[in-house]
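Structural description and commentary
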Amino acid sequence: EAAIGGHPTARHNLGCREAENGNYERATRHLIIAVNLGHEPSIEMLKANYTKGNVSKADFAAALRAHQAALDAKKSPQREAAEKARKD
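The following refers to the structure shown. Keep in mind it's a predicted model, so treat the numbers as computed, not measured. (Residues numbered from 1 in each chain as written. Predicted model: local features only at pLDDT ≥ 70, side-chain atom pairs only at ≥ 80, totals over all residues. Heavy atoms only, no water.)

**A look at the nonpolar core**
One recurring pattern in soluble globular proteins: nonpolar side chains tend to sit buried together. Of all hydrophobic cores here, the largest spans eight residues; its members are Leu 31, Ile 32, Val 35, Ile 43, Leu 46, Val 55, Phe 60 and Ala 63. Here the element with the most residues in this core is helix H2 (residues 24-36); it accounts for three residues. The contacts of Phe 60, once residues within four sequence positions are left out, are Ile 43, Leu 46, Lys 47, Tyr 50 and Val 55. (Core = buried A, V, L, I, M, F, W, Y, C linked by side-chain atoms within 4.5 Å. Buried < 20%, exposed > 50% of the residue type's maximum accessible area, 1.4 Å probe, protein only. Helix = DSSP H or I, 4+ residues; strand = E, 2+ residues; numbered from the N terminus. Contact = heavy atoms within 4.5 Å.)

**Some words on the side chain of His 67**
Mapping His 67 onto the fold places it in helix H4 (residues 57-74). His 67 gets classed as buried once you look at its relative accessible area, which sits at 6%. Within the structure, His 67 has its side chain in polar contact with the side chain of Glu 40 (distance 3.1 Å). (Polar contact = N/O pair within 3.5 Å; in protein donor to acceptor, adjacent residues only side chain to side chain.)

**Quick look at the pattern of salt bridges**
As enumerated under the stated definition, the model contains five salt bridges in all. Lys 47 is the partner of Glu 44 in a salt bridge, and the nearest nitrogen-oxygen pair spans 4.0 Å. Taken together, the residues Glu 44 and Lys 47, both in helix H3 (residues 40-51) and three residues apart, mark about one turn of the helix. The exposure class of Glu 44 is partly exposed, given its relative accessible area of 42%. (Salt bridge = Lys/Arg side-chain N within 4 Å of Asp/Glu carboxyl O.)

**Notes on the packing of H2 against H3**
Viewed as axis vectors pointing N to C, H2 and H3 meet at an angle of 145°, and their least axial separation amounts to 9 Å. Crossing of H2 over H3 shows left-handed handedness. On H3, the residues that touch Tyr 24, Thr 28, Leu 31, Ile 32, Ala 34 and Val 35 of H2 are Ser 42, Ile 43, Met 45, Leu 46 and Asn 49. Of the residues that constitute the contact of H2 with H3, the class distribution is eight nonpolar, three polar and no charged. (Axes fitted to C-alpha atoms, helices over the stretch in contact; angles between N-to-C directions. Left-handed = near helix turned anticlockwise from the far one by under 90°. Nonpolar A, V, L, I, M, F, W, Y, C, P; charged D, E, K, R; others polar.)

Structure representation (structure tokens):
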């Protein structure tokens, strides 16, 4: 239910379970959804599956672009000021 609701960690976990069961196509779909939401562990898992030959070059490249777009969308002057204030 959390995965359907768009929770990236839930999608990541589903992707991990699918990969463990050998369902790499389904695992890739779950991981790509999590990557599109900016989930860092999912991009690492996708990279590992790409190096093993379980993810196509096109899918991996699209996921990298989507991940960067998600990270860029999270950036704002307000967030950066809050992060700086938190560190100080």
